[in-house]
Amino acid sequence: MNGAMYREILIANLLPSARALKMKRGWVFQQDNDPKHTARATNEWLRKKHFKVLEWPSQSPDLNPIENLWRELKVRVAKRKAKNITALEEICMEEWANIPTTVCGNLVKTYRKRLTSVIANKGYITKFQKLEKWRKPFYDVIQGYENASILLPAFYNTRNTDVSIRVKYVLDDFESQQSVYYFHPQYLINVSRFWLIQGVRAKRISSGLILVTAALELCDEVHLYGFWGFPMNPSGVFITHHYYDNVKPRPGFHAMPSEIFNFIHMHSRGILRVHTGTCF
């Protein structure tokens with residue numbers, strides 16, 4: 001799509017949609033900084049039509065719920081495996097109509113929580129200013145996991161220690177029913193040594209591998225979800241590095257291919273089960 005095509009879409013849909021939704025005067029149009037959105041001709045058209053456009057900072061987190069719906073559509077379409085452009089267009093229309101309204105409802109319902117978290121942490125939803133500020137938004141997000149316990153590698157490196165202990169303080173201060181546990185420092189050393197022998201050679205093993213190791217020692221059955229060593233999922237859809245962001249570690253920091261290989265090897269031996277389907 002280019003700028004001209006984008007303007008055609010705006011001409012055909014923007015004002016009619018506002019009227020159909022019975023939006024009163026003063027509504028604001030939101031779009032990101034995609035080049036076709038910010039093209040001079042597009043800006044000029046919006047200005048002449050007197051549409052008020054929301055200022056969009058560069059590198060800002062995109063919390064527009066439509067992004068979640070685009071991902072939902074991509075996953076559904078990928079499963080249909082269209083053989084040509086015509087079939088792809090038909091499948092897109094069908095699957096868009098098949099998305100339950102409850103999906104949209106849940107996105108709207110959780111929007112305030114996600115927005116508050118991003119504002120509280122100035123754009124980074126996962127760090128919460130190391131809990132030196134914004135303790136309540138962090139607590140509110142954690143409550144979404146209900147009675148799940150929180151397990152932290154507080155003594156894995158010195159940068160983790162203070163913030164991991166603050167997690168305990170926050171939950172205690174708000175009288176949370178959730179429990180916080182820390183890995184023993186010697187246990188972390190032993191786990192790293194064990195996986196080094198298994199061929200996982202890296203500056204530091206991932207927190208996911210630590211959790212899997214603990215689960216194998218404590219649980220009769222272990223099922224892994226969300227572990228994947230490739231930039232695309234089995235359906236050919238590009239995925240982020242983490243489920244919550246796309247921030248990658250420094251080269252050589254982790255040995256993800258080796259970790260994934262070990263998971264697959266254990267899966268083949270029936271030690272654990274690796275699930276590669278879509279996580280919800």
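Residues numbered from 1 in each chain as written. Predicted model: local features only at pLDDT ≥ 70, side-chain atom pairs only at ≥ 80, totals over all residues. Heavy atoms only, no water.

Asks: Quick question: what am I supposed to make of the packing of helix 4 (residues 65–80) against helix 6 (residues 101–109) here?
Replies: A pair of packed helices can be characterised by two numbers: the angle between their axes and the separation between those axes. Viewed as axis vectors pointing N to C, helix 4 and helix 6 meet at an angle of 145°, and their least axial separation amounts to 10 Å. For the pair helix 4 and helix 6, the crossing hand works out as right-handed. Residue-level contacts link Pro65, Asn68 and Leu69 of helix 4 to Val103, Cys104 and Leu107 of helix 6. Of the residues belonging to the contact of helix 4 with helix 6, the class tally is 5 nonpolar, 1 polar and no charged. (Axes fitted to C-alpha atoms, helices over the stretch in contact; angles between N-to-C directions. Helix = DSSP H or I, 4+ residues; strand = E, 2+ residues; numbered from the N terminus. Left-handed = near helix turned anticlockwise from the far one by under 90°. Contact = heavy atoms within 4.5 Å. Nonpolar A, V, L, I, M, F, W, Y, C, P; charged D, E, K, R; others polar.)

Asks: Just checking my understanding: could you explain the pattern of salt bridges for this structure?
Replies: Side chains that differ in sign of charge can pair as their charged atoms come close. The final tally for this structure, using the stated rule, is 7 salt bridges. In this structure, Glu44 engages Arg47 in a salt bridge whose closest nitrogen and oxygen atoms are separated by 2.5 Å. Taken together, the positions of Glu44 and Arg47, both in helix 3 (residues 40–48) and 3 residues apart, correspond to about one turn of that helix. On the basis of relative accessible area, Glu44 is assigned to the partly exposed category, the value being 31%. Residue Arg47 is classed as exposed on the basis of its relative accessible area, which comes to 53%. Between Glu95 and Arg80 there is a salt bridge; the shortest N-O distance is 2.6 Å. Taken together, the residues Glu95 in helix 5 (residues 85–98) and Arg80 in helix 4 connect sequence positions 15 residues apart. Residue classification places Glu95 among the buried positions, given a relative accessible area of 8%. Taking the relative accessible area as the measure of exposure, Arg80 reaches 37% and is therefore partly exposed. Among the ionic contacts, a cluster of salt bridges with common partners joins Glu72, Arg76, Arg80, Glu94 and Glu95. (Salt bridge = Lys/Arg side-chain N within 4 Å of Asp/Glu carboxyl O. Buried < 20%, exposed > 50% of the residue type's maximum accessible area, 1.4 Å probe, protein only.)

Asks: Mind showing me how you'd approach the packing of aromatic side chains here?
Replies: Aromatic rings in a pair are described by how distant their centres are and how their planes are angled relative to each other. Under the counting rule described, the total for this entry stands at 8 aromatic pairs. Centre to centre, the rings of Trp70 and Trp96 are 5.4 Å apart; their planes meet at 35°, and the pair counts as tilted. Note that Trp70 is positioned in helix 4 and Trp96 in helix 5, a separation of 26 residues in sequence. Where Phe155 meets Tyr182, the ring centres are 6.1 Å apart and the plane angle is 70°; that geometry is what we call edge-to-face. Of the two residues, Phe155 is situated in the loop between strand 3 (150–152) and helix 9 (158–173) and Tyr182 in strand 4 (residues 180–182); the sequence distance between them amounts to 27 residues. Cluster of aromatic residues (ring-pair linked, three or more members): Trp27, Trp45 and Phe51. (Phe/Tyr/Trp six-rings, centres within 6.5 Å; stacked < 30°, edge-to-face > 60°.)

Asks: Any chance you could explain helix 4 here in plain terms?
Replies: The α-helix advances 3.6 residues per turn, and as a result positions three or four apart in sequence lie on the same side. With 16 residues, helix 4 should reach 22 Å at 1.5 Å per residue; the first-to-last C-alpha distance of 24 Å fits that figure. Looking only at helix 4, the buried set comprises Leu69, Glu72, Leu73, Val75, Val77 and Ala78. Turning to helix 4, the residues buried within the fold contact helix 5 and helix 6. Just beyond helix 4, the residue with positive phi is Lys81, at close to 50°. (Expected span 1.5 Å × (residues − 1).)

Asks: Looking at this structure, how should I read unusual backbone geometry?
Replies: Peptide bonds are trans in most cases, and residues, glycine excluded, mostly fall at negative phi. At Glu146, a residue that is not glycine, the phi angle is positive and equals roughly 50°. Here Glu146 lies in the loop between helix 8 (135–142) and strand 3. Residue classification places Glu146 among the exposed positions, given a relative accessible area of 60%. Even without a glycine there, the phi angle at Glu175 is positive, about 55°. Within the fold, Glu175 resides in the loop between helix 9 and strand 4.

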